[in-house]
Amino acid sequence: MIKFYELVPSVNSKCYFSPNTWKTRMGFLHKGVEFETIPVTLIDVRRDLAVRSNLPNISVPAIELPNGEFIYDSYRIAEWLENTYPDRPSLFTGDGKPTNIAQLEHIITGKNYARMIDLGLGASKPEWAVWFDLFLPKLDQLMAEGEIRDYFRSDSRHGPQGYQRLISLNQQELIRRAKMNVQPLVQILRERSNEYFQGKYPGQVDYIIFGRYAYCRMIDPQLTKVIWEDQGEELINWINKLSNAYDGHALNIFQNST
């Protein structure tokens, strides 16, 4: 069985907070591929996983195939899933049809759409994204005390005095910006009644956006409600559909995370 390395804030935690790993998790479910979740902390990734994979720059999401091969990066894994399971619904077309009967142009367009969303809303770069900055105080509290939290706060992760700068940011301004990020999503769903972002069926674009929602939901459910769920019934319906998809896989994680 494929091993799926999932980021957690502490040993034995089930708080799967990484938006990138959520993209991969939903991709596996979409393709109907069985996987085993292996929780890892930030320290595990830098040490044990890097040594085992012989990939010093490995990051999560990462998967380990039965033959011992490692693949990491959510977009690379999505492309691997698409190519390895062509007889199952495409991640990029939004029409629910298998990859092997889809038109190449349709797949390419869907990939470009997904990549654009991934580099925008799906990213955490402070130049244009607000998500990491906004949820950092709560995420900091979730990190296990000691080496994990020390590394999470370190200059090697955030740059010189980076943690101090981030923790002092104006939360109300960050919330305002986060709501602005979400508003275009609401408008798209209003224009495409009862559909998903990828099309009539969910796809990689949906999983990128849902990954960002799941990141928020796992860290701070109350703040998530203010930013996401209070913006309109269209967005709430989309969240509920994906939360309950695949036998309620995501909802079960939300309800049992610790």
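Scope of this entry: the structure provided in the associated data block. Since the model is a prediction, treat every value here as computed from it, not as a measurement.

Okay, the overall build of the protein chain next. Within the protein chain one finds twelve helices and four strands. The C-alpha atoms of the protein chain give 18 Å as radius of gyration, which agrees with the globular expectation for 258 residues (18 Å, within 12%). If one aligns the C-alpha atoms of the protein chain with their principal axes, the spans along those axes are about 50 × 45 × 30 Å. Here the protein chain holds 258 residues, and 52% of them are scored as buried. Long-range contacts, defined here as pairs at least 24 residues apart, represent 65% of the contacts in the protein chain between residues at least 6 apart. Working note: accessible area of the protein chain is about 12,400 Å², and carbon and sulfur atoms make up 49% of it. Of the charged side chains in the protein chain, 29 are positive and 31 negative, and the gap between their average positions amounts to 2 Å.

Okay, the packing of helix α1 (residues 19–31) against helix α10 (residues 204–219) next. The geometry of α1 relative to α10 is characterised by a closest axis approach of 8 Å and an angle of 130 degrees between their N-to-C directions. By the criterion of interaxial angle, the relationship of α1 to α10 is oblique. As α1 packs across α10, the resulting crossing turns out to be right-handed. On the side of α1, the interface is formed by Pro 19, Trp 22, Lys 23, Met 26, Gly 27 and His 30, while α10 contributes Gln 204, Tyr 207, Ile 208, Phe 210, Gly 211, Arg 212, Ala 214, Tyr 215 and Met 218. Of the residues belonging to the contact of α1 with α10, the class tally is nine nonpolar, four polar and two charged.

This part covers the sheet that holds strand β3 (residues 62–64). The strand order across the open sheet formed by four strands is β2-β1-β3-β4, and the pairing between neighbours is mixed. The open sheet is flanked by β2 (35–40) and β4 (70–72), the only strands paired with a single partner. When strand polarity is set aside, the average angle formed by the axes of neighbouring strands in this sheet is 25 degrees. Inspection of the sheet shows β3 paired to β4 by three bridges, in the antiparallel sense.

With that settled, the discussion passes to the state of the cysteines. Under the criterion given, the structure shown has zero disulfides. In this model Cys 15 remains outside any disulfide bridge; the closest cysteine sulfur is found in Cys 216, 12 Å from its own. For Cys 216, a relative accessible area of 0% puts it in the buried group.

Take the side chain of Thr 24 next. In this structure, Thr 24 sits in helix α1. Owing to a relative accessible area of 3%, Thr 24 belongs among the buried residues under this scheme. Setting aside residues no more than four positions away along its own chain, Thr 24 makes contact with Phe 4, Pro 61, Ser 74 and Ile 77.

Right, let's get into α10. Taking 1.5 Å of rise per residue, 16 residues should cover 22 Å, and α10 covers 23 Å from first to last C-alpha, within 8% of that figure. With 16 of 16 residues buried, α10 is to be regarded as a mostly interior element.

What counts as what
Within each chain, residues carry numbers counting from 1 in the order of the written sequence. Reporting in this predicted model follows two pLDDT cut-offs: at least 70 for local features of residues, and 80 or more for side-chain atom pairs to be given and counted; totals over whole chains, interfaces and linings ignore these cut-offs and use all residues. Hydrogens and water molecules were not included; the side-chain quantities draw on all heavy atoms of the structure. Counting from the N terminus, the helices are the DSSP runs of H or I reaching at least four residues and the strands are the DSSP runs of E reaching at least two. The globule rule used for comparison is 2.2 Å times the number of residues to the exponent 0.38, while the radius of gyration itself is calculated over C-alpha atoms. With a 1.4 Å probe rolled over the protein chains alone, any residue whose accessible area is under 20% of its type maximum counts as buried; one over 50% counts as exposed, and the rest are partly exposed. Here a residue-residue contact requires only that any non-hydrogen atoms of the pair lie within 4.5 Å. For the area figures, the Shrake-Rupley method with a 1.4 Å probe applies, and any residue is considered shielded solely by the protein chains shown. When charges are counted, neither His nor the chain ends are considered; positive counts come from Lys and Arg and negative counts from Asp and Glu. A single reference atom marks each charge: NZ on Lys, CZ on Arg, CG on Asp, CD on Glu. Fitted lines through C-alpha atoms serve as axes, helices being fitted only where they are in contact, and the angles separating the N-to-C directions of these axes extend from 0 to 180 degrees. Each angle receives one of four descriptions, namely roughly parallel if under 35 degrees, roughly antiparallel if over 145, roughly perpendicular if within 65 to 115, and oblique otherwise. A crossing counts as left-handed when the near helix is turned anticlockwise from the far one by less than a right angle, and as right-handed when that turn is clockwise. The classification used treats Ala, Val, Leu, Ile, Met, Phe, Trp, Tyr, Cys and Pro as nonpolar, Asp, Glu, Lys and Arg as charged, and all other residues, Gly among them, as polar. Pairs of strands are assigned from DSSP output, requiring at least two bridges between the strands. When two cysteine sulfur atoms lie within 2.5 Å, the pair is treated as a disulfide. Here, expected helix span is obtained from the residue count minus one, scaled by 1.5 Å.

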